[in-house]
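Listed below are the residues making up each chain.
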Amino acid sequence: MEFPVPPEPKKSPPKPSPPIAVDQQLCCIRWSPDGKLLAAGSFEGVVRRWGTSGASFTELPALKGHNGWVQAIAFAPDGKQLFSADSWGRLSAWSVADIDAKPTWSIPAAHDGWIHALAVSPDGKQMATAGRDRVIRITAAADGKKVHTLTAGEDVLALAYHPDGKSVVSGDLKGTIKQWNVADGKMIREFDAKVMFLRDRIQDVGGVRCFAFTADGSTLFAGGSQPKTGAFVQAIPLILAFDSKTGSSKEIFRGANDNEGIVLDLHWHPDGFVMAVHSGQPGQGKFFCKRPSDAQPHFAQALPNPHSFAFHGQRVIVSATNANSSGNGRVGGKGEYPGNYSPLHVLELPS
Amino acid sequence: MKRSLLCTPVEHGLSRRQWLGSAAGAAFSLAAPAFADVIRKKNKQVLFIWLDGGISQLESWDPKPNTQFGGPFRAIPTAVPGIHVSELLPNSARVMKHLAIVRSLSTQDNSHSAGVDRIQRGDPKNRGVTYPFLGSAVAKFLGSGDSGLPPYIWIKPMNGGFIPKDAGFLGPKYGALALGDGKPPENLLRPATMSAADDIERNQLRDLADKRYVERRRKGNVEATKQVFDMAAQLQQRRDLFDSSSFAAKDVERYGSHDLGRHLLLARKMLEAGVTFVKVTSYGWDTHGDNFNGQGSLVPQFDRPFAAIIEDLHQRGMLDNVLVIAMSEFGRTPRINGHLGRDHWPEAWSLAMAGTGIKKGVVEGKTNEKGTWVASEEHDIGHLFHTWFRALGIDPKKTEYDNEGQPLPIAHEGCKPLTEVLA
């Protein structure tokens, strides 16, 4: 597989700014298309929001009504709606303009349990959601009504619409990527990402965790890892590229070792490179940028435990669990028990 | 003269031969309380399910949904009104009417190396002697019963063999016979090239050599060696126990084709055959990373065969005699680390049990709202050993070990049984 070679990016590292303090752990962070609203799903059943203007971030009231984890959120392409999905199966839509934060619609049991992934179609008219119930639900963005239910057959961890809007791809725990025709709900083909799955003892480990398409849809990138063990989860971060026409694949990123963990979030930058985060053993992880044809990332910023990131132009916000987040047994005296939290790290990519 | 490694009450000192001899007049023996006690105790059995590495209490028996540390999963109601468990345990929820959950465990060790042994030895305070694992203790107190099979069988993944270390100061003869992947010990059967007469002759020669060897030496290792040969002889008579083709396809489907399912199905067969103590170990529960996908994969694979064996033992009337225990060496931290995992947490965790001597459909103890600490009376492993011995009809107040002349309590004297879960 050959990739077009974009202009050589500047080699200087992203400029880190002081992180934005957040008192909860966050699952997923996304930026509105106009760059004015940053939203993050949390481990505590809310969507945190920040108004952004220049370098300033002003926190807005959180969106409430979810349960468990809000692991999947996405903005509509026109930026007018925000969609959020939680681990108890609720799917909600919110008007970005509504500062009072009432959902425009909310489906309490869109899925039976944990929704891992949510993707909005390029025309903004529908969305796909999937999770532990092993189905993919296609939902109308306007009113939340179900359009299709696709039988995925496995625990789906990642979803993305093809840029032409005609198909959606799902990635599952067992390392299978399926492409589905949105119009009739039929599966078109499968891509093999089995390298991202391990059956260790009785545990299913790894899976396809995130996707990004190039803007023209010619290449699909799948992020995950090559798991080496279950339980502790030693895993080498991995990104595979699939040719949309032929289905052929190529490994475009492999981490240095199995302490580096799993690629948990992935985006395609319009300047022609992938951006990703991987999080490994507690305290380890990095944000990096890499042209598919390059041997090594041209940017790599070490961060403790990054899990998700959003970008607008050259600005990148990375959500990462605090350092020193792990440890056996009690922390401090009995009765005290601090939780972890996810500061937002602000990076400025060189233009 | 050194005392033997027998516990002090006379009834526990009965050998299998003595017991069999007495059984000739069973009708009369049953009428005598002392012998009735012995018979009752010898019929007790234990199924001990060990989830090595640490099942998360928050993703199993003590969910805290919608709290800071609660994780992504929901809690579901069980067959017992008012009791909820994680949504990862739908089948266990269905059989909750047979179960007792303890949510107030607070133990000493947050490392595997110390925790696995200390928990299974029931020694919360570490008194400087190596206590026997529960399986060895039960093997000593209850013996083989009338099954003629090894009293302590350990079904586990990977390798098997005779595991003397479990016995601690009881001596190696009370060790575990481990069946690697549920298979019979290697070289169990007499080679085809050897006649039965030759086999008898070589065993007689070995016995003779053992007797001479032990005259001037400590007898423990020789006893253990003899025990292994005796076990082999016993198992040769019951080769049918290892015939997996005898399981109904429906049962294989109910239990699952993975290691834990297959091993629990074999455990059912061992219990039906009369094995006194059957331990089933599942490895790989130490989910420091990606805990929620990890426990999300693991817990359902425990849930199905666990509920299936509870139902099967109940339907066979065996829960009246079999004590079932499902546990790990500790729980997992409420705090979610940067690897999206949970670390080791001995401070507040849970276990489940069922069967003989145990109340049905109850929860004992509770943790606070966030699941960080025990909010009721804390219970160390010593409390559980008192409870289990009592459930098996063994009174820790009247029974003690004799460690080469050193009397030792069979369960920690600073602990007491959880009467709230004893029937």
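Before reading on, note that the structure itself is shown above.
Residues numbered from 1 in each chain as written. Chains lettered and ligands numbered in written order. Predicted model: local features only at pLDDT ≥ 70, side-chain atom pairs only at ≥ 80, totals over all residues. Heavy atoms only, no water.

(A) Geometry of helix H10 (residues 259-273) of chain B. All names here are of chain B. For H10, spanning 15 residues, the distance from its first C-alpha to its last is 21 Å, which sits close to the expected 21 Å at 1.5 Å a residue. Among the 15 residues that make up H10, 12 are buried, leaving the element largely enclosed by the rest of the structure. Once H10 finishes, Gly-274 follows within two positions and takes phi at roughly 105°, a positive value. (Helix = DSSP H or I, 4+ residues; strand = E, 2+ residues; numbered from the N terminus. Expected span 1.5 Å × (residues − 1). Buried < 20%, exposed > 50% of the residue type's maximum accessible area, 1.4 Å probe, protein only.)

(B) Broad picture of the sheet that holds strand E21 (residues 219-227) of chain A. Residue and element names in this part refer to chain A. Strand order in the open sheet formed by four strands is E20-E21-E22-E23, with antiparallel pairing between adjacent strands. Of all the strands in the sheet, just strand E20 (210-213) and strand E23 (249-254) have a single pairing partner and so form its edges. Geometrically, the sheet is characterised by an average inter-axis angle of 25° between neighbouring strands, direction not taken into account. For E20 and E21, the ladder comprises four bridges, and the chain directions are antiparallel. Bridge pairing links Ala-212 to Phe-221 in E21. (Pairing = 2+ DSSP bridges. Axes fitted to C-alpha atoms, helices over the stretch in contact; angles between N-to-C directions.)

(C) Fine view of helix H8 (residues 220-237) of chain B. All names here are of chain B. Taking 1.5 Å per residue as the helical rise, H8 with its 18 residues ought to reach 26 Å, and the 26 Å between its terminal C-alpha atoms agrees with that figure. Turning to H8, its buried residues are Val-222, Ala-224, Gln-227, Met-231 and Leu-235. Those residues of H8 that are buried lie in contact with strand E6 (161-163), strand E7 (176-180) and helix H7 (196-214). (Contact = heavy atoms within 4.5 Å.)

(D) Up close: the pattern of salt bridges. All names here are of chain B. Applying the stated criterion across every chain, the model contains 39 salt bridges over all chains. Glu-87 is the salt-bridge partner of Arg-74, the closest N and O atoms lying 2.9 Å from each other. Taken together, the residues Arg-74 in the loop between strand E1 (45-51) and strand E2 (75-77) and Glu-87 in the loop between strand E3 (84-86) and helix H4 (90-94) connect sequence positions 13 residues apart. This pair shows no difference in class: Arg-74 is buried, exactly as Glu-87 is. (Salt bridge = Lys/Arg side-chain N within 4 Å of Asp/Glu carboxyl O.)

(E) Representation of unusual backbone geometry in the model. Not every positive phi belongs to a glycine, and Arg-201 of chain A is a case in point at roughly 55°. Relative to the elements of secondary structure, Arg-201 of chain A occurs in the loop between strand E18 (197-200) and strand E19 (203-206). Even without being a glycine, Leu-340 of chain B presents a positive backbone phi close to 55°. For Leu-340 of chain B, the location among the structural elements is in the loop between strand E10 (331-332) and strand E11 (344-345). A relative accessible area of 17% places Leu-340 of chain B in the buried class.

(F) The arrangement of the packing of H10 of chain B against helix H11 (residues 291-315) of chain B in detail. Residues and elements named next belong to chain B. In the contact formed by H10 and H11, the axes pass within 9 Å of each other and the chain directions differ by 15°. Regarding the angle of H10 to H11, the classification is roughly parallel. Classified by chirality, the crossing of H11 by H10 is right-handed. Every residue of H11 that contacts H10 at Leu-260, Gly-261, Leu-264, Ala-267, Arg-268 and Leu-271 is listed here: Gln-301, Phe-302, Pro-305, Phe-306, Ile-309, Asp-312 and Leu-313. (Parallel < 35°, antiparallel > 145°, perpendicular 65-115°, else oblique. Left-handed = near helix turned anticlockwise from the far one by under 90°.)

(G) Here's a closer look at the sheet that holds strand E8 (residues 91-95) of chain A. Residues and elements named next belong to chain A. Overall, antiparallel pairing links the four strands, which are arranged E6-E7-E8-E9 in an open sheet. Each edge of the open sheet carries a strand with a single partner, namely strand E6 (72-75) and strand E9 (103-107). Along the sheet, successive strands turn relative to each other by an average axial angle of 15°, direction set aside. For E6 and strand E7 (residues 81-85), the ladder comprises four bridges, and the chain directions are antiparallel. In the sheet register, Ile-73 faces E7, and the bridge partner there is Ser-84.

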